[in-house]
Amino acid sequence: MSSGSNLRSENQFLCSICLDVFTDPVTTPCGHNFCKACITHYWEANVPYKCPLCKEIFTSRPQLRVNTLIKEMVAQFRHEAQQEASSSSSSAAKPGEVPCDVCTGTKLKALKSCLVCLLSYCQTHLEPHLTTPRLKKHQLMEPVENLEDRMCLQHDKHLELFCRTDQTCVCSLCPVLDHKNHEFVPLREESEGKKAELKKTEAKVQKMIQSRRVKIQEIKESVKISKDAADREKAEGVQVFTALKEAAERGLKELIKEIQDKQKTAEKQAEDFIKNLEQEISEFMKRSSEVKQLSQSEDHLHLLQSFSSLKTAPPTKNWTEIRVHPPSYEGTVVRAAAQLLEEMKKMLELKRVQQYAVDVTLDPDTAHPDLILSDDGKQMKYGDVRKNLPDNPERFSQYINVLGHQSFSSGRFYFEVQVKGKTKWDLGVARESVDRKGIITLSPQNGFWTVWLRNGNEYEANAEPPVRLHVQPGPEKVGVFVDYEEGLVSFYDVDAAALIYSFTGCCFTEKLYPYFSPCLNDGGENSAPLIIC
């Protein structure tokens, strides 16, 4: 039975006086139906007798009999309603649910609790409170346990007032007997006030919950940042110690080779000495044989003729002062270890500045029209055809230069550029106000801190005066590091982890931009691009 049909059926069986389902329905002469008790009480209080609905007046009080047809229909309706309610709500009480106090055997789930009876009822046992006029006046509420706690233990009456003086619930007798001159309000009024306080408390609790959720998120984010930093640090650690391990193995091989070379030289010297000595021994043994043979000769003439030549000793080398001195290895290991430590220092210094690496891209608005820039803004090279570009104030128009898109006015930053395969290039940083149209001289005085390569192997720092750099072999990748506050610009050979040159004591007052020039192609010899790593 749908809820809509339920509503229509129930309306058909409602008494218009008590507004409840008919009890012993009777029909008046005008054809309207009422509960027998309701119409009887109504006529007892109202004379002349008239119909409560249509107001028809009867000259005498009608004799009313129960309408058996309507009574059976009402009974059928109640049965169906009870079955429907039982199927939906009359189930065994689960843990945490209030059981019916009347049920024997399986305790069904209570639908209401009566504050007068102090009992809780399932759908079936609640029926009298819905149909019996006397019970219908009882106060019903959502089912609760321990209904006896709602009674005043001293006066055995319902707790229906709140004593604000003692902050406790009392019955109607308590103000007279035990709480004289105290302030009392109905439970509902005090409950509404407490609800308002609870709402404020709930709002505060929710705010605290939200703040703690935000804090949890912050902590999780901090852990993530920490984990990412730890992963980066581990990766860098593996990279650094792998490089150190390779450097140590390389240094050990060089040390062993040096020692072995010294030992081989000493052995070769000894072998040469031994060879010469053995050769002299062989000659002496030959002469000894000749002398012995001659001394035993009976040919007097031959003995006398050969005596003078055999008597004269052959020229011999004086071996008295000849020594094979063991090679000295003193300081060999120390020097090798010192060299390894120096390499470690260089490598760690490069790793220190590399932590300030930034993502640099080229600014096409500053590029000379002959330059070709890659779509990702990472590569530049000289082009054979000049592009038709607007001569905006930022653009270099005289020299083959371009600036990075990013600017820096504080802190530290680092970037790397691949210069492999080139015979000339310029790299460094430039201040924002540098001249971009006229003849440019690269120098700190003009706002440029740069190094360059010319003729394939001539490196120079464009200081005042210029400094010739001895870089062999030439770097394939150059790192540029700037410490704005320290006034430092350093250039590194990345693969060798070696410092090329540093500008120190600089005074920066403007934005600094990465500066690049791949220079002219020189007939194809310098056609390789500069690549920002």
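Above this note sits the structure.
Residues numbered from 1 in each chain as written. Predicted model: local features only at pLDDT ≥ 70, side-chain atom pairs only at ≥ 80, totals over all residues. Heavy atoms only, no water.

1. Regarding the overall build of the protein chain
Heads up, the rule is: Strands here mean DSSP runs of E at least two residues long; helices mean DSSP runs of H or I at least four residues long; both are numbered from the N terminus. Radius of gyration means the value over C-alpha atoms here, while the globule rule gives 2.2 Å times the residue count to the 0.38 power. Type-normalised accessible area, obtained with a 1.4 Å probe on protein chains alone, sets the label of each residue: buried when under 20%, exposed when over 50%, and partly exposed for intermediate values. The contact rule is simple, with two residues in contact once any of their heavy atoms fall within 4.5 Å.
For the protein chain, the helix and strand inventory stands at nine helices and 23 strands. Its C-alpha atoms give the protein chain a radius of gyration of 57 Å, more than 25% over the compact-globule value 24 Å for 533 residues. Seen through its principal axes, the protein chain has C-alpha atoms that stretch 200 × 85 × 60 Å. Put simply, the protein chain has 533 residues, and 31% of those count as buried. Taking all contacts inside the protein chain whose residues are at least 6 apart in sequence as the whole, residues at least 24 apart take part in 55%.

2. Some details on the sheet that holds strand 7 (residues 140-141)
Inclusion rule: Note on pairing: DSSP must find at least two bridges between two strands before they are called paired. Fitted lines through C-alpha atoms give the axes, limited to the stretch in contact for helices. The angle between two N-to-C directions lies from 0 to 180 degrees.
Pairing in this open sheet of three strands is antiparallel, and the strands run 6-5-7 from one edge to the other. Edge positions in the sheet fall to strand 6 (119-121) and strand 7, since each of these pairs with one other strand and no more. For strand 5 (residues 112-114) and strand 6, the ladder comprises three bridges, and the chain directions are antiparallel. Pairing of Ser113 across the sheet is with Ser120, part of strand 6. Across the sheet, helix 4 (residues 123-131) touches strand 5, strand 6 and strand 7, and the angle it forms with strand 6 is around 110°.

3. Structural notes on the nonpolar core
Our working rule: Among buried residues, the Ala, Val, Leu, Ile, Met, Phe, Trp, Tyr and Cys ones that are joined through side-chain atoms within 4.5 Å form a nonpolar core.
Trp425, Phe503 and Phe516 are the most contacted members of the largest nonpolar core, which totals 38 residues. Those residues in contact with Trp425 that sit more than four places away from it in its chain are Val419, Val451, Trp452, Leu453, Arg454, Tyr459, Val478, Ser517, Cys519 and Leu530. One finds Phe13, Cys38, Trp43 and Ile70 within the second-largest nonpolar core, a separate group that totals 18 residues.

4. Quick look at the environment of Cys174
Considering the arrangement of structural elements, one finds Cys174 in helix 6 (residues 174-177). Sequence separation between Cys174 and Leu187 is 13 residues, and the spatial gap between their C-alpha atoms is 14 Å. Excluding anything up to four places from it in sequence, Cys174 contacts Cys152, His155 and His179.

5. With respect to the pairing of strand 19 (residues 477-483)
For strand 19, the tally of buried residues reaches six of seven residues, placing the bulk of the element in the interior. Two strands pair when backbone bridges link them, and strand 14 (residues 412-418) and strand 19 are joined in this way by seven bridges, in the antiparallel orientation. For Gln418, the partnering residue across the bridge sits in strand 19 and is Lys477. Two elements, strand 19 and strand 20 (residues 488-493), share six bridges in a ladder whose sense is antiparallel. By the bridge assignment for strand 20, Val482 is matched with Val489. Counting the residues in the hairpin turn of strand 19 and strand 20 gives four residues, including Gly487, whose phi is positive at 70°.

6. Structural notes on the side chain of Asn526
As for its placement among the helices and strands, Asn526 is situated in the loop between strand 22 (512-517) and strand 23 (530-532). A residue is classified by how much of its surface remains accessible, and Asn526, at 0% relative accessible area, is buried.

7. A word on the packing of helix 7 (residues 187-295) against helix 9 (residues 332-354)
As a reminder of what qualifies: Working definition: roughly parallel below 35 degrees, roughly antiparallel above 145 degrees, roughly perpendicular at 65 to 115 degrees, and oblique for all remaining angles. The hand of a helix crossing depends on one turn: near helix anticlockwise from the far one by less than a right angle means left-handed, and clockwise means right-handed. Residue polarity follows a fixed list, in which Ala, Val, Leu, Ile, Met, Phe, Trp, Tyr, Cys and Pro are nonpolar, Asp, Glu, Lys and Arg are charged, and the others, Gly among them, are polar.
Between helix 7 and helix 9, whose axes approach to 10 Å, the crossing angle comes to 155°. Of the possible angle classes, the one that applies to helix 7 and helix 9 is roughly antiparallel. Regarding helix 7 and helix 9, the two cross each other, and that crossing is right-handed. Contact residues: helix 7 offers Gln239, Val240, Ala243, Leu244, Ala247, Ala248, Arg250, Glu254, Leu255, Glu258, Ile259 and Lys262, while helix 9 offers Thr332, Val333, Arg335, Ala336, Gln339, Leu340, Glu343, Met344, Met347, Leu348 and Lys351. Among the residues making up the contact of helix 7 with helix 9, the classes are represented as 13 nonpolar, three polar and seven charged.

8. Brief notes about unusual backbone geometry
Of note, the bond from Glu464 into Pro465 is cis; its omega dihedral lies within 30 degrees of zero at 0°. Tracing the sequence through the fold places Pro465 in the loop between strand 17 (458-461) and strand 18 (467-469). Put simply, Gln472 and Pro473 share a cis peptide bond, and its omega is -10°. Mapped onto the fold, Pro473 is located in the loop between strand 18 and strand 19. Although it is not a glycine, Asn455 adopts a positive phi angle of roughly 60°. By relative accessible area, which is 57% here, Asn455 ends up exposed.

9. Looking at the state of the cysteines
Selection criterion: Here, a disulfide means two cysteine sulfur atoms that sit within 2.5 Å of each other.
Considering all chains together, one arrives at zero disulfides under this definition. The cysteine Cys117 is free of any disulfide, with Cys114 supplying the nearest cysteine sulfur at 3.6 Å. On the basis of relative accessible area, Cys117 is assigned to the partly exposed category, the value being 28%. No disulfide involves Cys163; its nearest neighbouring cysteine sulfur is the one of Cys174, lying 8.9 Å away.

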